[in-house]
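# Close look at the chain arrangement
For reference, the chains in residue letters:
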Amino acid sequence: MKVSTMKIIFMGTPEFAAESLEKLYSVGHDIVGVFTQPDRPRNRGMKTTFSPVKQIALMNNTPIYQPISLKDDEIVSVVKRLQCDLIVVVAYGKKIPSDILNIPSLGCINIHASILPNYRGASPIQHAIINGDTETGVTSQYMSEEIDAGEILLIKKTPIGDDETSTDLFSRLSTLGAELLIETISAIEAKTVIPTLQNDDDVTYAPLLTKDMSPIDWSKTAHEIRCMVRGLQPWPTATTIIDEKTVKTFSVDVTNNMTSLLPGSIVSHGEHGIEVACSDGSIIIKELQAPGGKRMSAADFLKGNPLSTKHLY
RNA sequence: CGCGGGGUGGAGCAGUUCGGUAGCUCGUUGGGCUCAUAACCCAAAGGUCAGGGGUUCAAAUCCCUUCCCCGCAA
């Protein structure tokens, strides 16, 4: 793809954003500065690790900025001094104040992992799966004060696979988002895109996921439970309690079996997994993870953990 | 030095509190049974108990230490 280079400031933090940044470099844009969240001690052992975006920026010798807050006159003047044409924000992790949004001549664009105005907010990918949607996508927008409420530039759609987890979708949409970003920049440059206001009537939100959402509610339908299990990965993950152990469930199948047992009752268990009754039939837990242990098939789990309960919670 | 769980034949686990014959559910291999089916029966092989050091007549088990895995928290 032929594009003339543009001076761009990139703001982003996680893996999802890193792919977009890589694509910008590979297409040949001039990245004059990268903003990412400050290094913090994370993970076991509290070791400080660099964000995926920072790692990419380091490899390309781009100046990196990790301000604690963007609402800072000094930061505003730093952004001005970089003299960029465009600011690109992908999963940065903080709101961008209007003082900064107004700086670049071509504006400030953002890649969001849903078909806006659906699923504004922190977890669009997971909510699309949890709700059982069959299609999602990525949207590029001009940024507005209100989060994810800007004028829409371009949209790329993709079907959601029946087996797909949020982890899978994250990976696919980060690639799709990177492609959309490049196309959007070209379109802005060529002035071939007409920004469209979002339709307020269609707005939905995808709030931050929390651990309270983890426990599986067996009184839901098999389909609903399966969507939760797929959507809540890799965090916070759907859980259930087997013999007083809270186990994470990673993979479940919907069966055609009808059962009169109460939701949560174990219908059968063995080589095929653990079959559990829900409101409209049953599902089979195929892959799980016990406390302290690794992820394994339900069949393996049963070899060392014979069930003594007849009910899950 | 953030908190905690774990490492035991090929897989999943018990045994560690209170040191004393290496155990369970599977898998594998051989045989039997059956019209047939690894469904069932019989038998066998397979282990540096994560690594190193120490205590002891004796260590999977107690003490010190290194490495690796997992969860929480951020």
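Residues numbered from 1 in each chain as written. Chains lettered and ligands numbered in written order. Predicted model: local features only at pLDDT ≥ 70, side-chain atom pairs only at ≥ 80, totals over all residues. Heavy atoms only, no water.

## A few points about the overall build of chain A
For the record, the criterion: Here a strand is any run of E in DSSP of at least two residues, a helix any run of H or I of at least four, and the numbering for each starts at the N terminus. Note on classification: 1.4 Å probe, protein chains only; a residue is buried when its accessible area is under 20% of the maximum for its type, exposed when over 50%, partly exposed between these limits. In what follows, residue pairs with any heavy atoms lying within 4.5 Å of each other are defined as contacts. To measure how exposed things are, a 1.4 Å probe is used in the Shrake-Rupley method; for residues, cover is taken only from the protein chains shown. All tallies of charge rest on Lys and Arg as positive and Asp and Glu as negative; His and the ends of each chain are not included. To locate a charge, take atom NZ for lysine, CZ for arginine, CG for aspartate or CD for glutamate.
Within chain A, the secondary structure is distributed over eight helices and 15 strands. Considered along the principal axes of its C-alpha atoms, chain A spans approximately 65 × 45 × 35 Å. Buried positions account for 48% of the 313 residues belonging to chain A. By sequence separation, contacts in chain A at least 24 residues apart represent 66% of the contacts at least 6 residues apart. When the accessible surface of chain A is split by element, carbon and sulfur atoms take 52% of a total near 15400 Å². Between the centroid of the 29 positive side chains of chain A and the centroid of its 37 negative side chains there is a distance of 6 Å.

## Details of the protein's contact with RNA strand B
Convention followed: If even one non-hydrogen atom of a residue comes within 4 Å of a molecule or strand, that residue is called near it. We call two N or O atoms a polar contact when they sit within 3.5 Å, provided that within protein one can donate a hydrogen and the other can accept it, with sequence-adjacent residues counted only if both atoms are side-chain atoms. In this classification, the charged set is Asp, Glu, Lys and Arg, the nonpolar set is Ala, Val, Leu, Ile, Met, Phe, Trp, Tyr, Cys and Pro, and all remaining amino acids, among them Gly, are polar.
Near RNA strand B there are 18 residues, and of these Arg 44, Met 46, Lys 294, Asp 300 and Lys 303 occur at the shortest range. Backbone sugar and phosphate groups make up 50% of those atoms of RNA strand B lying within 4 Å of the protein. In this structure, a base nitrogen belonging to RNA strand B sits 3.4 Å away from a main-chain N or O atom of Met 46. Take Lys 248: an N or O atom from its side chain is 3.3 Å from a phosphate oxygen of RNA strand B. Listing elements by their share of the surface near RNA strand B, those giving two or more residues are β3 (40-42) and α8 (298-304). By residue number, the principal contributor to the surface near RNA strand B is α8, which donates four residues. Of the residues that constitute the surface near RNA strand B, the class distribution is four nonpolar, seven polar and seven charged.

## Considerations on the confidence of the model for chain A
Worth spelling out the cut-off: Each residue gets a pLDDT score, which is the predictor's confidence in that residue and runs from 0 to 100.
Residues with a pLDDT of 70 or more make up 99% of chain A, whose mean pLDDT is 94. The complex prediction reports pTM at 0.91, with the ipTM value standing at 0.90.

## Thoughts on the packing of helix α1 (residues 15-27) against helix α2 (residues 52-59)
The test is simple: Here an angle of 0 to 180 degrees is reported between the N-to-C directions of two axes, which are lines fitted to C-alpha atoms, with helices fitted over the stretch in contact. Relative orientations are named as follows: roughly parallel for angles under 35 degrees, roughly antiparallel for angles over 145 degrees, roughly perpendicular for angles from 65 to 115 degrees, and oblique for any other angle.
Taken N-terminus to C-terminus, the directions of α1 and α2 make an angle of 20°; their axes are 7 Å apart at the nearest point. Comparing their axes, α2 and α1 come out roughly parallel. The residues of α2 that touch α1, namely those facing Glu 15, Ala 17, Ala 18, Leu 21, Glu 22 and Tyr 25, are Pro 52, Val 53, Ile 56 and Ala 57. Residues that form the contact of α1 with α2 fall into these classes: eight nonpolar, no polar and two charged.

## Things to note about the sheet that holds strand β5 (residues 64-65)
Note the following rule: By this definition, two strands are paired if DSSP reports at least two bridges between them.
If you trace the seven strands from one edge of the open sheet to the other, you get β5-β2-β1-β6-β7-β8-β9, paired in mixed fashion. Either end of the sheet is taken by a strand with one partner, and the two such strands are β5 and β9 (152-159). Across seven bridges, strand β8 (residues 135-142) lies against β9 in antiparallel orientation. Across the sheet, Gln 141 pairs through a bridge with Ile 152, a residue of β9. Each of β1 (7-12), β6 (86-90), β7 (108-112), β8 and β9 touches helix α6 (residues 166-190); the most contacted strand, β9, lies at about 150° to it.

## Let's talk about the nonpolar core
Our working rule: As used here, the term nonpolar core means buried Ala, Val, Leu, Ile, Met, Phe, Trp, Tyr and Cys residues forming a set that is joined through side-chain atoms within 4.5 Å.
Membership of the largest hydrophobic core comes to 38 residues, with the highest contact counts inside it found for Phe 10, Leu 21, Val 88 and Ile 185. Every element with two or more residues in this core is listed here: β1, α1, β2 (30-35), α2, β6, β7, α5 (124-130) and α6. Membership of the second largest hydrophobic core comes to 26 residues, among which are Ile 216, Val 229, Ala 238 and Ile 242.

## Here we look at the pairing of strand β14 (residues 281-289)
Of the pairings in the sheet, the one linking strand β11 (residues 245-254) to β14 comprises six bridges and is antiparallel in character. Looking across to β14, one finds that Asp 253 is bridged to Ile 284. Pairing geometry for strand β13 (residues 273-278) and β14, over five bridges, is antiparallel. Note that in β14 the partner of Ala 277 across the bridge is Ser 282. In this antiparallel pair of consecutive strands, β13 and β14, the connection spans two residues.

## Focus on the environment of Pro 263
When you line up the elements, Pro 263 lands in the loop between β11 and β12 (266-270). The partly exposed category is assigned to Pro 263, whose relative accessible area is 30%. Setting aside anything within four residues of it in sequence, one finds Pro 263 in contact with Trp 218, Ser 219, Ala 277, Cys 278, Ser 279 and His 311.

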